[in-house]
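Secondary and tertiary structure notes
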Amino acid sequence: METFLLIVVLVGAVIRWVYVRQRLDEMGARIDALSRLVAQSQARTPQTQGLGAPTQGLGVGGWGLGTETHGPAAATQGLGVGGWGLGAETHGPTAPTQGPGAGGQGPGLVPPPPVAGPGTVAPPPKVERPTQGPWTVPPPPVVVPPIPHTEPLVPVLQPAASVSAPPTHTAPPPSPAAEAPVLPAPVLASAPPQPTAPPPSPAAEAPVLPAPVLASASPQPTAPPPSPAAEAPAPGPRPPAPVLPPPGPFASPAPAPRRSSADWEAFVGGNLVNKAGVLLTVIGLTLFLGYAFTQTGPLGRVLMSLAVSLGMLISGAVFEKREKYRTFAQGLLGGGWAALYFTVYAMQSIDAARVIHSPLLGAILLLAVATGMIVHSLKYRSQTITGLAYFIAFGTLGITQVTPLSVLAVIPLSASLLYVSQRFDWKNFALFGLAATYVICATRGDNGAPLWQVQALFATYWLMFEAFDLLRPHRAMLPANALGFLTLSIAAWLSRAPHQIWELLAAVSIAYLAGAILRARSDLWRPPITLTAALAAAAIFLKLDYQWVAVALLIEAELFYLAGVRLNAPYLRNLATGLFTIELGHLIVRTLPDQTPRAWTPVAIANVVVFYANRAIRSADIYYGYAAAAMMALIAGFDAPHHDRGLAWMVLAAGPFLVGWRWRQVDFRIQAYCLAALGPAGMAFGWPEPPLSMGIGAAIAYAATLCALRSKEDRFSAGEADALRGMGSLFATCLAAGVVWHFVPLQYLGLGWMALAVILLELGMRGWPEDFRRQSYALAVLGAGLVVYSNLVPISNAGPWGPRFAPAAAALLAYAIAARARKEEGGRVLDIATFIATGFLLTGLWALLPPVAVGPAWAAVALVLMEFDLPTLTLECHLVSIAAFARLFFGNFDEEQHLMTALTVVPVLLSHYFLWSHTKQRFYLYTAATLAAVLARFEMGRVLTTSGWAVLMVALLYAGRRLRIRDLSWQSYALAAMAFGRCWAAYFYSPDMFAGFAGPVFIGSTVIACLYAAQLLSDLDGHPRLYFSVLASLLLAVLLYDRVSGSLLTVAWGVEGIALLCAGFPLHDRVLRLSGMGLLMVCILKLFLWDLRHLDTLPRILSFIVLGLILVGVSWVYTRFREVLLGPAGRPDTHPEAA
Amino acid sequence: MKRRLLFVLVLLMLIAATVVASLGSRRGEVSLASLRQLWSDTIRDIDQPGLRLTRLSAAEEMQLGANVLNSVSWPEDPVAAARVERIAQPMLPHVHRTDIQYHFHVVQAGMINAFALPGGQVLVTDGMLAFVQSDDELAEVVGHEMSHVDLRHCVEHYQYQYRLGSLVELFHRLAAMPYSSDQELDADAEGMRLAIAGGYNPAAGPVLFERMQKEMHESAGSPATTPAGELAHSLGEALASYFRSHPPSAERARRLRGLARSAHGAGG
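Residues numbered from 1 in each chain as written. Chains lettered and ligands numbered in written order. Predicted model: local features only at pLDDT ≥ 70, side-chain atom pairs only at ≥ 80, totals over all residues. Heavy atoms only, no water.

Quick look at the overall build of chain A
- Each helix and strand counted, chain A has 44 helices and zero strands in total.
- Element-wise, carbon and sulfur atoms account for 70% of the exposed surface of chain A, whose accessible area totals about 50,600 Å². (Helix = DSSP H or I, 4+ residues; strand = E, 2+ residues; numbered from the N terminus. Areas by Shrake-Rupley, 256 points an atom, 1.4 Å probe, with all protein chains shown as cover.)

Laid out in structure tokens, this is it:
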């Protein structure tokens, strides 16, 4: 019971809301029409706005904004003040009551509310407009038509529609967005400001001037034909427009006028009270029924409820005729119908009120009520109201327990709906009916009827809506009808004849084909033909298996394609493309894995034929050619003999290429290129490929290359010939490399590729084609890398000779490449190739020669590289020389192989001097001197080598002075220091010298002599002279210390000092003299500090005497040779040579 | 023209060297022994000034040697020591340092070894006495140890400790590692000189070390045949030789054989 009451209340409220909503829509439509009129008049009469076109444009634009979003409110406001449109956005719902008020013509409508809200936000764009609210503006005569008495609820709809109808060709379309034409610049540009010009039309002046003025204005030729509404007198009072100061275009909006107490009263009394009354009525009715239910039987309850319902309906009908009670009457009518419907429903369905026990009768009565509602609703010409009524009617069929009645009664109901839809041009109405029909039918479930009956019923539905769609096409009707019909039909067939569904689909496909033919003259044939194609394809899938599906789809697609070509319908061809795609997908995804090639291949070949035929029929459809080529590739990929797919693809490529080349068809050539590209890929993936295949492939690729090279330019697109030449040669190179790979063992494959690179380089250099040149570089690099991997990494200098020769052979090939391409790529080929070649050569020599011979061999390589006198080779020469130098330390300096050491080191040493002479690189002087010094060490032993170093020192110093090379002098200084240090450290002795001729004296004398010789070779005043002299004298003192016993050491050193003095005078060598003097001083110190304590008496005396004599002698000598010391001019002595 | 001639000449020399070296019977060993030798020479030269400044007198050295000998207790064999002394007697007059008094000991250690302490303390193990097969071989051994004393190798290991402390000596030994092998070779050569001077057969030296190589299972190892192997072998060998106190017996035998050949040639 509570549920029923709640339903009653809700339905009543819905009906009431629908009434109000309908009124809102109608008012909105009317106000839209008014707004367009005003905008139209403003667009035509810019000169009347006083501020010129730009100002008008802004003002109209601001107004238009409001009308676009909230048409009803904005339009109403636009009548009063043009700039209030923006403010209208938040007050839409109140607009309907304002609109009629503004017009002043609304028959019985509620007076406009005093608060017009919208005007408080947006500035008025028109300065001429008064600031009063819409209710104070006199209604423009052009937009307020007289209300026909026959249409009390929509009094302004028809006249407004006539105003905005096409005859007013300058008016914008009715959609909100279409109001933009009011704003655009052409209006402004084509209408220069003419403030004094008269208004072009009365309608244009309507919002601006008082109605009498408008009425007296003569219409302009460009104005729209005056409508009856425009000629109607304006009943409202004139606005005091000349008196009120016009606001600026961006002035603040006028303050919203307050709603008067009378307005409030009207609003509350006419609207709110009405709603409250209806609500209370329904509630009271339900309460009464609730009470009555407890007091009376079912019949009494039904009668009471029927009485109330009919009372409400009758009273509503009576009050509806009076305008001021119309809202009240609508509430009564809505509530009455709701109460009546649910009363009838309760008569059969609710136990407490059941007076009818036949479901069929109950359903018929409910349908009768619903029919009454529909008929009544038609009175209002409202799609919503009538739709609601139909909804109730369909709902009735939905809830009835009698299925046959339900599914059959829906036919006339739907037919009536379609009629109404067609009659009133309610386009969405039919769609609603369609949905309701199929939904009701679906909700009824399966009652076990025979298939033919069910399908006949569904066909009736389908035919009914299809026929309607043919008469009144709707975009959504056909797919919705197909969806409903097919869903229901398939469901029925699934339960009754699941294996024959294809027949259904085929039949429907034919039906839609007919539908498409019937729609051929219109533009709506695409959906049915699409359905035809889809359903036919589905039927094929359901009926056939494996390759026969593909065959059937191929035929269907081809038929569509041919039809598309014949009828010049791209859509059909696109459908065909889709079908071809499905067919190919099925062929590849389903048929291919399951079937043997023999079953699959004919279909694939048929595809190729059909595709190429399509390509021939219509040359623009080049993608068919590509598809055919792809199919050919697929066939070859699966059916190629001996899995030789790569070759098959390359051979296949020849066909399209020849066609494309002969007839200049670029798409065929592209197909050929793609097929050809598959060739090497197939060979690579199908490795090992037979070498004959690769050879043939290389020949084909090279033939294509030559074709590109020799053909005329017009046979290829721009850049195509170059690309073909490049790619063809690349393929040929790759395949040739593959052939080499096949024949040459992996150990020598790098060599093979490098040899092939040499051949390709020669071809490239000769221009057959030039692309081979760079490809040969890449191949050579690959080969070199492989040589490194296969030959260098595991190389050994022992074992079989073959692998040990490989690096040397690679070096020769690399040198050949470098020599042939020495001028290419800016010389970079020469640089890189020679670097690689030299590396290989050094490694090869290492592998081929014994360790002791490697250094000289590398040095010889360096020497030869230098001879070419090229920067790169010179750099390599330096690097190799350094390597040879370092190599000697690994295998050549052997103390036990004196002869071999000298034999292998000396030539390298000399080569470094020669390289220095040619390149002037100073480091060669140092490497050579280092080799000489080290050679001396290992040839002569640890201590005896000092003699060799000393001799070398003198030689270097002499050469340095002679050749004026300071590096040699520096080397001599270093050797002197080394010889001195070693002699002093070892006291000239080494155990390993015992058996030889050399002894400490020999070593000491040699080194000391060399040091003195070096002193004499040095400049008299230079530091080197001092350096050598000090070293020599010290070393002599050390030798004396080592060789002379302690008691005679002082004497020996004194003698040495005398000797130095004696030598210093004739040689004019101050250093010698000072050294002698210094040594004598040391002797004196030793005499007093050591000899006095440690020597015996006699040696001590002897020491003193001898030393004294020595000193005397020294004194004399100095006196005697004073002039020598001072020189001829009394200056300090100089070296004779210097003097 | 002259330059071209020089080029050809140098190139021919290089080629000739390559060919001759390739035709040589000995394959040659690849190592960094030459660099190690040069480095050893350098370190040895650098080490000399410090050793000269901290040199001990003969009396100090003999006292040091006695102290070291007394710090450990080896069971000695006086009878065998008498044999060693007898073998050494002919060589004593030919030592450089005549102010050193040599003492010879035979210790029962079982192993094949001989060593010397500063101040002329020469110790030979009973294992060595059993290993040598002739007086000539024993003379080589004793001469080798006497040479360590005569060439100051022994005392040099204690100089810094004696003068400056143990820590300095520790660093010095680390620094002197590279040439300790050279000192062994020097001692081999000087010992052979003493043996020859004492009237012993110099050919016994190489034979002794060859037999010792076999006894000690010293293998020469196979030469590397790849570039990386060569480099690794060279570096490894150089590193090992840096810390090796004694050169391989094979090398010592080879060098002694060369010295003996030279001595034989010089002697007529």
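Things to note about unusual backbone geometry
All names here are of chain A.
- Note the cis peptide between Trp 768 and Pro 769, where omega equals -5 degrees.
- Looking at where Pro 769 falls in the secondary structure, it is placed in the loop between α29 (749–766) and α30 (771–792).
- In this structure, Arg 664 is a non-glycine residue whose phi angle is positive, near 60 degrees.
- In this model, Arg 964 sits at a positive phi of 55 degrees, which is unusual for a non-glycine residue.
- On the secondary structure map, Arg 964 appears in the loop between α37 (945–963) and α38 (966–986).
- Residue Arg 964 is classed as exposed on the basis of its relative accessible area of 76%. (Buried < 20%, exposed > 50% of the residue type's maximum accessible area, 1.4 Å probe, protein only.)

Describing the interface of chain A and chain B
- Listed by partner, the interface residues are 50 residues for chain A and 54 residues for chain B.
- At the boundary of chain A with chain B, total buried surface from both sides reaches about 4,400 Å², with 64% on carbon and sulfur atoms.
- Here chain A is connected to chain B by seven salt bridges.
- Among the ionic pairs, Arg4(B) bridges to Glu867(A), the shortest N-O distance being 2.4 Å.
- There are 14 residue pairs in polar contact (both at pLDDT 80 or more) connecting chain A and chain B.
- Of all elements in the fold, only α33 (851–867), α34 (871–891), α35 (898–919), α36 (923–940) and α38 of chain A reach the threshold of two or more residues within the side of chain A that touches chain B.
- Sort the elements by how many residues they give to the side of chain A that touches chain B and α33(A) lands first, with 11 residues.
- For the side of chain A that touches chain B, the residue count by class is 34 nonpolar, seven polar and nine charged. (Contact = heavy atoms within 4.5 Å. Buried area = accessible area lost by both parts, 1.4 Å probe. Salt bridge = Lys/Arg side-chain N within 4 Å of Asp/Glu carboxyl O. Polar contact = N/O pair within 3.5 Å; in protein donor to acceptor, adjacent residues only side chain to side chain. Nonpolar A, V, L, I, M, F, W, Y, C, P; charged D, E, K, R; others polar.)

Some points on the packing of aromatic side chains
All names here are of chain A.
- Counted by the stated rule, this structure contains 36 aromatic pairs over all chains.
- Between Trp 426 and Phe 429, the aromatic rings sit 5.3 Å apart at their centres with planes inclined by 70 degrees, giving edge-to-face as the arrangement.
- Under the relative-accessibility criterion, Trp 426 is labelled buried at 8%.
- Ring plane angle 40 degrees and centroid distance 6.2 Å describe the contact between Trp 801 and Phe 805, whose orientation is recorded as tilted. Here Trp 801 pairs with Phe 805, and both are found in helix α31 (residues 801–820), just four residues apart, close to one helical turn.
- The exposure class of Phe 805 is partly exposed, given its relative accessible area of 46%.
- The ring of Trp 801 carries the charged tip of Arg 804 above its face, separated from the ring centre by 4.1 Å. (Phe/Tyr/Trp six-rings, centres within 6.5 Å; stacked < 30°, edge-to-face > 60°. Lys NZ or Arg CZ within 6 Å of the ring centre and 35° of its normal.)

Observations concerning the environment of Arg966(A)
Residues and elements named next belong to chain A.
- Along the polypeptide, Arg 966 turns up in helix α38.
- Owing to a relative accessible area of 60%, Arg 966 belongs among the exposed residues under this scheme.
- Between the C-alpha atom of Arg 966 and that of Leu 956, which follows or precedes it by 10 residues, the distance is 9.9 Å.

Points about the environment of Tyr612(A)
Residues and elements named next belong to chain A.
- Tracing the backbone shows Tyr 612 in helix α23 (residues 597–617).
- In this structure, the C-alpha to C-alpha distance between Tyr 612 and Tyr 624, residues 12 residues apart in sequence, is 6.4 Å.
- Within polar-contact distance, the side chain of Tyr 612 engages the side chain of Gln 671 at 2.8 Å.

Section: the nonpolar core
- Residues Leu863(A), Phe893(A), Leu931(A), Met953(A) and Leu1011(A) are the most contacted members of the largest nonpolar core, which totals 103 residues.
- Sort the elements by how many residues they give to this core and α33(A) lands first, with 12 residues.
- Not counting residues within four places of it along the chain, the set of residues in contact with Phe893(A) comprises Leu888(A), Thr901(A), Val905(A), Leu931(A), Val934(A), Leu935(A), Phe938(A) and Ser34(B).
- Core analysis: the next-biggest nonpolar cluster, separate from the first, contains 81 residues, Ala533(A), Leu579(A), Ala736(A) and Ala737(A) among them. (Core = buried A, V, L, I, M, F, W, Y, C linked by side-chain atoms within 4.5 Å.)

Overview of the side chain of Asn791(A)
- With respect to the secondary-structure elements, Asn791(A) resides in helix α30.
- Sequence-distant contacts of Asn791(A), that is, excluding residues within four places in its chain, are made with Gln747(A), Leu786(A) and Ala806(A).

Focus: the packing of helix α19 (residues 501–518) of chain A against helix α20 (residues 526–543) of chain A
Residues and elements named next belong to chain A.
- The N-to-C vectors of α19 and α20 enclose an angle of 160 degrees; their axes lie 8 Å apart at closest approach. By the criterion of interaxial angle, the relationship of α19 to α20 is roughly antiparallel. Crossing of α19 against α20: the hand is left-handed. Facing α19, whose interface residues are Ile 501, Trp 502, Leu 505, Ala 506, Val 508, Ser 509, Tyr 512, Leu 513, Gly 515 and Ala 516, α20 presents Pro 528, Ile 529, Leu 531, Thr 532, Leu 535, Ala 536, Ala 538, Ala 539, Leu 542 and Lys 543.
- Residue composition of the contact of α19 with α20, by class: 16 nonpolar, three polar and one charged. (Axes fitted to C-alpha atoms, helices over the stretch in contact; angles between N-to-C directions. Parallel < 35°, antiparallel > 145°, perpendicular 65-115°, else oblique. Left-handed = near helix turned anticlockwise from the far one by under 90°.)

Brief notes about the confidence of the model for chain B
- Looking at chain B as a whole, its pLDDT mean stands at 86, while 96% of the residues score no less than 70.
- Here the complex is predicted with pTM 0.59, and the ipTM for its interfaces comes to 0.89. (pLDDT = per-residue confidence, 0-100.)

Re the pairing of strand β3 (residues 121–125) of chain B
Residues and elements named next belong to chain B.
- A large share of β3 lies buried, amounting to five of its five residues.
- A two-sided burial pattern is seen for β3, the buried positions comprising Gln 121, Leu 123 and Thr 125 on one face and Val 122 and Val 124 on the other.
- Sheet topology note: the strand β1 (residues 103–107)/β3 ladder contains five bridges and is parallel. Bridge assignment links His 105 to a residue of β3, and that residue is Leu 123.
- When strand β2 (residues 114–117) meets β3, the two strands line up antiparallel, connected through four bridges. If you follow Phe 115 over to β3, its bridge partner there is Leu 123.
- In textbook terms, the turn of a hairpin is the stretch between consecutive antiparallel strands, and for β2 and β3 this stretch comprises three residues, one of which, Gly 119, has a positive phi near 80 degrees. (Pairing = 2+ DSSP bridges.)

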